[in-house]
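# Topology and contacts: notes
As a plain string of letters, each chain reads:
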Amino acid sequence: MSRIKTVRQFVEEKLKSLPSDKRNKALAHLNGVSMAAGIIADKRGENVECACIAGLLHDMQAYTSGSYDDHAHLGAKLAEKYLKKLDIVTEEEKEMICSAIYHHDDKASVDAPFDEVLKDADVVHHTMADPLKPVKEKEQARYAALRKEFGFE
Ligand SMILES: [Fe+2]
Ligand SMILES: [Fe+2]
């Protein structure tokens, strides 16, 4: 089984006990960000598989605890725990994935190129999953840069 599929099944299992509306919303976001992260990583020459895995895990702290308080930093620790348990990534890959999750809420700053892939993938799902929804002010700069990068304007 592919590593991405292994993580997807793991996430689905972890979120099984959520009420169905919350679970559906969570899985739509995690899968949406995962796919966007893969596309962005491919475009930028970053690790596509790790980007997809980071996308699948990035908000698990919020969904499993029901709180967004410090969810990126706590989420990096949680992802580390999950990845240790799954034992499917190298130490280097685990550090890369956890770093991206740690920084993913710092949308106003620029971090390492792989960290930026996850931040931008999060913005893609927040904005492009419903193109009629107004783009939040804090995501406008990244959204505009992404449209330009992908040749949309
Ligand atoms: Fe988040
Ligand atoms: Fe997110």
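Now for a quick tour of the structure. (Residues numbered from 1 in each chain as written. Chains lettered and ligands numbered in written order. Predicted model: local features only at pLDDT ≥ 70, side-chain atom pairs only at ≥ 80, totals over all residues.)

## Some thoughts on the overall build of the protein
Across its full length, the protein carries 8 helices and 0 strands. When its helices and strands are written in sequence order, the protein yields α-α-α-α-α-α-α-α. Expected size for 153 residues packed as a compact globule is a radius of gyration near 15 Å; at 15 Å, the protein falls within 12% of this value. Across its three principal directions, the C-alpha atoms of the protein cover 45 × 35 × 30 Å. (Helix = DSSP H or I, 4+ residues; strand = E, 2+ residues; numbered from the N terminus. Rg over C-alpha atoms; globule rule 2.2 N^0.38 Å.)

## Let's talk about the packing of helix α6 (residues 91-103) against helix α7 (residues 113-128)
Here α6 crosses α7 at 55°, and the two axes come no closer than 8 Å. When the interaxial angle is binned, α6 and α7 end up oblique. Between α6 and α7 lies a crossing whose hand is right-handed. For the pair α6 and α7, the contacting residues are Met96, Ser99, Ala100, Ile101 and His103 in the first and Phe114, Asp115, Val117 and Leu118 in the second. (Axes fitted to C-alpha atoms, helices over the stretch in contact; angles between N-to-C directions. Parallel < 35°, antiparallel > 145°, perpendicular 65-115°, else oblique. Left-handed = near helix turned anticlockwise from the far one by under 90°. Contact = placed C-beta atoms within 7 Å.)

## Concerning the packing of helix α3 (residues 48-57) against α6
Two elements in contact, α3 and α6, have axes whose closest approach is 9 Å; the angle formed by their N-to-C orientations is 45°. Between α3 and α6, the angle falls in the class oblique. Handedness of the crossing formed by α3 with α6: right-handed. Contacts from Cys50, Ile53, Ala54 and Leu57 in α3 reach Glu93, Met96, Ile97, Ala100 and Ile101 in α6.

## Details of unusual backbone geometry
Both trends apply: most residues other than glycine have a negative phi, and most peptide bonds are in trans. Even without being a glycine, Asp70 presents a positive backbone phi close to 50°. Locating Asp70 in the fold gives a position in the loop between α4 (60-65) and α5 (71-86). One non-glycine residue, Asp87, lies in the positive phi region at around 55°. Within the element layout of this structure, Asp87 appears in the loop between α5 and α6. When the 6 C-beta atoms within 10 Å are taken as the criterion, Asp87 is described as exposed. (Buried ≥ 20, exposed ≤ 12 C-beta atoms within 10 Å, placed from the backbone.)

## What to know about the nonpolar core
In summary, soluble globular proteins display a tendency toward joint burial of nonpolar side chains. Grouped together as the largest cluster of nonpolar side chains are 36 residues, with contacts concentrated most on Ala37, Ala54, Leu57, Ile97 and Ile101. Sorting the residues of this core by element identifies α1 (3-14), α2 (20-44), α3, α4, α5, α6 and α7 as the ones contributing at least two each. If near-sequence neighbours (up to four positions away) are discounted, Ala54 is found in contact with Ala37, Ile97, Ala100, Ile101 and Leu118. (Core = buried A, V, L, I, M, F, W, Y, C linked by C-beta atoms within 7 Å.)

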